[in-house]
Amino acid sequence: MYAERVLSGMRPTGRLHLGHYHGVLKNWVRLQSAYPCLFFVADWHALTTAYDEPGTIEENAREMVIDWLAAGVDPAQAILFIQSRVREHAEFHLLLSMMTPLGWLERVPTYKDQQEKLEHKDLSTYGFLGYPLLMSADILIYRADKVPVGEDQIPHVEFTRELARRFNHMYGREPDFEAKARAAVKRLGAERAQEYEALRTRFRQEGDRQARTRAHALLDAASDLPPEDRERLFGFFEGDHKMILVEPGALLTEAAKMPGLDGQKMSKSYENTISLRESADSVTKKIRTMQTDPARVRRTDPGEPARCPVWQFHLVYSDEATRQWVQQGCRSAGIGCIECKHPVIDAVLKEQEPMHERAQTYIDNPALVRDIIDDGCERARKLAGETMRDVREAMGVNYA
Ligand code: TRP
Ligand code: SF4
């Protein structure tokens, strides 16, 4: 129930580019073989800002999922789903909203920042204020303890942690908690109880985090215990109330080193991107016409890689020998810029080849994508349902 679990989402912005690949998707692909992972299309989050132009969401979501699959996200390993198709997120968001202090939302740094940045749009809406809360619901509903995000999203994960703590504190309290927790320890049986107690002592006296990890593993494996008792034992380990929700940690995705065609960060708004599934002709043309060191006007002028966006690409794609060749050849005017670009073009095309192949399968079989998403939504719904039962119970609205 509290096993290690990774969750991340992406707003459906349309076709992804190499910046997304190097910044986010490669990371997802790595994570999916190490942990149970859930990756989802945050379409409701898209509506918080694009509420007046909803027409593109479905198409964008579809293209984005194909990009994920093309990049190697594997539906046999990770659960892929669409936020709005797991309605439990909305119910949870509503229930959480009841106990979320308004000030907490108003103080999330992205709130005012984004409002100022997107000043052409009226973002003084209820939904936009609730953006981080919806994100908390996304995370907490799967009891995900690892959330890979970019730096801009860190405050949202921090907010989620505080909210989980508040929730557990508020709804995890019971008058005879300690007695119930001790009874639950007994129910573990002598051997596990002894280990649990020893780990708990180590954690409480020495703050030993490893002891905490081991205790969590022990409790995760204790599937013979009723959920209520496990919540108590998770909570009793470090405090005086049940742990109904899990505090997540952010896994910081390092800022993408992927430069755009003009040397700025690769971003759709700068119009300097190469899309994940860009055709080979177009990739070739875009790189061939890329700016180089402005000081290299003629072929015979020496250049400086540090001033050249093409060099940034070599840093992503080329091995040491090629980089040496660039440095020397550029500074001595021994190579021309077109020559210098060839290894980059080859490397990008080579990287994209398997992506084109995988994508083609899904483009040719739209039903395949539909099945993957249907299956993912169903599995996500099941997991979300488990948490929602506990949440409804905790908040006193479980009439079952
Ligand atoms: N807000 C995230 C972004 O824009 C997307 C997102 C929504 C998300 N819910 C999430 C990311 C939950 C991680 C976990 O990038
Ligand atoms: Fe840039 Fe290469 Fe031309 Fe030097 S030789 S300016 S690094 S493209």
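Residues numbered from 1 in each chain as written. Chains lettered and ligands numbered in written order. Predicted model: local features only at pLDDT ≥ 70, side-chain atom pairs only at ≥ 80, totals over all residues. Heavy atoms only, no water.

**Here's the deal with the site of ligand 2**
Our working definition: Nearness of a residue to a molecule or strand requires only that one of the residue's heavy atoms be within 4 Å of it. Secondary structure is summarised from DSSP: a helix means a run of H or I of at least four residues, a strand means a run of E of at least two, and numbering begins at the N terminus for each.
Close to ligand 2 lie T292, D293, R296, C308, V310, V326, C330, C337 and C340, which account for all nearby residues. Looking at the shell around ligand 2, the elements that each hand over two or more residues are α16 (320-331) and α17 (337-364).

**Quick look at the site of ligand 1**
Rule in force here: As used in this structure description, the phrase polar contact means that two N or O atoms lie within 3.5 Å; if the pair is within protein, one of them must be able to donate a hydrogen and the other to accept it, and residues adjacent in sequence are counted only when both atoms belong to side chains. Any residue that is not Ala, Val, Leu, Ile, Met, Phe, Trp, Tyr, Cys, Pro, Asp, Glu, Lys or Arg is counted as polar, Gly included; the first ten are nonpolar and the last four charged.
By nearness alone, 14 residues border ligand 1, and R11, H45, Y131, D138 and Q153 come closest of all. Side-chain polar atom of Y131 to a nitrogen atom of ligand 1: 2.7 Å apart, as the coordinates give it. With respect to ligand 1, the side chain of D138 contributes an N or O atom lying 2.7 Å from a nitrogen atom. Among the secondary structure elements, those contributing two or more residues to the shell around ligand 1 are β1 (6-10), α8 (131-140) and β4 (146-149). In terms of residue count, α8 provides more of the shell around ligand 1 than any other element does, four residues in total. Its residues assigned to classes, the shell around ligand 1 comprises eight nonpolar, four polar and two charged.

**Quick look at the packing of helix α10 (residues 177-187) against helix α11 (residues 190-206)**
Quick note on the threshold: Orientation is described by axes fitted as lines to C-alpha atoms, over the contacting stretch for helices, and by angles from 0 to 180 degrees between their N-to-C directions. Angle categories are assigned with fixed cut-offs, so that under 35 degrees is roughly parallel, over 145 is roughly antiparallel, 65 to 115 is roughly perpendicular, and the rest are oblique. Whether two residues are in contact is decided by their heavy atoms, any of which lying within 4.5 Å being enough.
Orientation of α10 relative to α11, taken along the N-to-C sense of each, is 130 degrees, at an axis distance of 7 Å. Between α10 and α11, the crossing angle belongs to the class labelled oblique. Along its contact with α10, which presents R182, V185 and R187, the element α11 presents R192, A193, Y196 and E197. Of the residues contributing to the contact of α10 with α11, the split by class is three nonpolar, no polar and four charged.

**Structural notes on the pattern of salt bridges**
Applicable threshold: Salt bridges, as used here, are contacts in which a Lys or Arg side-chain nitrogen is within 4 Å of a carboxyl oxygen on Asp or Glu. With a 1.4 Å probe rolled over the protein chains alone, any residue whose accessible area is under 20% of its type maximum counts as buried; one over 50% counts as exposed, and the rest are partly exposed.
Across all of its chains, the model carries 33 salt bridges by this definition. As a salt-bridge pair, K121 and D52 come within 3.0 Å of each other at their nearest N and O atoms. Remark: D52 occurs in the loop between α2 (43-50) and α3 (57-71) and K121 occurs in the loop between α6 (109-117) and α7 (126-129); sequence separation between them is 69 residues. By relative accessible area, K121 is classed as buried at 15%. Linking R307 and D293 is a salt bridge whose minimum nitrogen-to-oxygen distance equals 3.1 Å.

**Topic: the domain arrangement of the chain**
Cut-off, in case you're wondering: An automatic or database domain assignment is the source of the domain bounds shown. By buried area we mean how much accessible surface two parts lose on assembly, using a 1.4 Å probe and totalling the loss over both.
Entries for the chain in the domain assignment read domain 1 (6-172 + 249-257 + 366-395), domain 2 (177-238) and domain 3 (277-363). Between the C-alpha centres of domain 1 and domain 3 the distance comes to 35 Å. The interface is formed by 17 residues belonging to domain 1 together with 13 residues belonging to domain 3. Regarding the contact of domain 1 and domain 3, the summed buried area is about 1,200 Å², with carbon and sulfur atoms giving 60% of it. When the area that domain 1 buries against domain 3 is broken down by residue, the three leading residues are L18, I66 and A70, summing to 37%. For the pair domain 1 and domain 3, the number of links is two salt bridges. A salt bridge links R277 to E63, with the shortest nitrogen-to-oxygen separation between them at 2.8 Å. Class assignment of the residues belonging to the side of domain 1 that touches domain 3 gives a composition of ten nonpolar, two polar and five charged.

**Brief notes about the packing of aromatic side chains**
Operational definition: We call Phe, Tyr and Trp rings a pair once their centres come within 6.5 Å, taking the six-membered ring for Trp, and we label the pair stacked below 30 degrees between planes, edge-to-face above 60, and tilted otherwise. Here, over-ring charges are defined by two tests on the NZ atom of lysine or the CZ atom of arginine: distance to the ring centre within 6 Å, and angle to the ring normal within 35 degrees.
Applying the stated criterion across every chain, the model contains twelve aromatic pairs. An aromatic cluster is built from W28, F39 and W68, whose rings are joined through pairwise contacts. A cation over an aromatic ring shows up here: K121 above the ring of Y51, its NZ or CZ 5.9 Å from the ring centre. For the cation-ring pair, R200 lies above F236, with the distance from its terminal atom to the ring centre recorded as 3.6 Å.

**Some remarks on the environment of G303**
Tracing the backbone shows G303 in the loop between α14 (280-288) and α15 (309-317). Sequence separation of G303 and S332 is 29 residues, and the distance between their C-alpha atoms is 7.5 Å.

**What about unusual backbone geometry?**
Its identity as a non-glycine residue notwithstanding, E271 has a phi of 50 degrees, on the positive side. For E271, the location among the structural elements is in the loop between β5 (249-252) and α14. A residue is classified by how much of its surface remains accessible, and E271, at 74% relative accessible area, is exposed. Of note, the phi angle at A333 is positive, near 55 degrees, even though the residue is not glycine. As for its placement among the helices and strands, A333 is situated in the loop between α16 and α17. Look at A333 and you get buried, because its relative accessible area is 14%.

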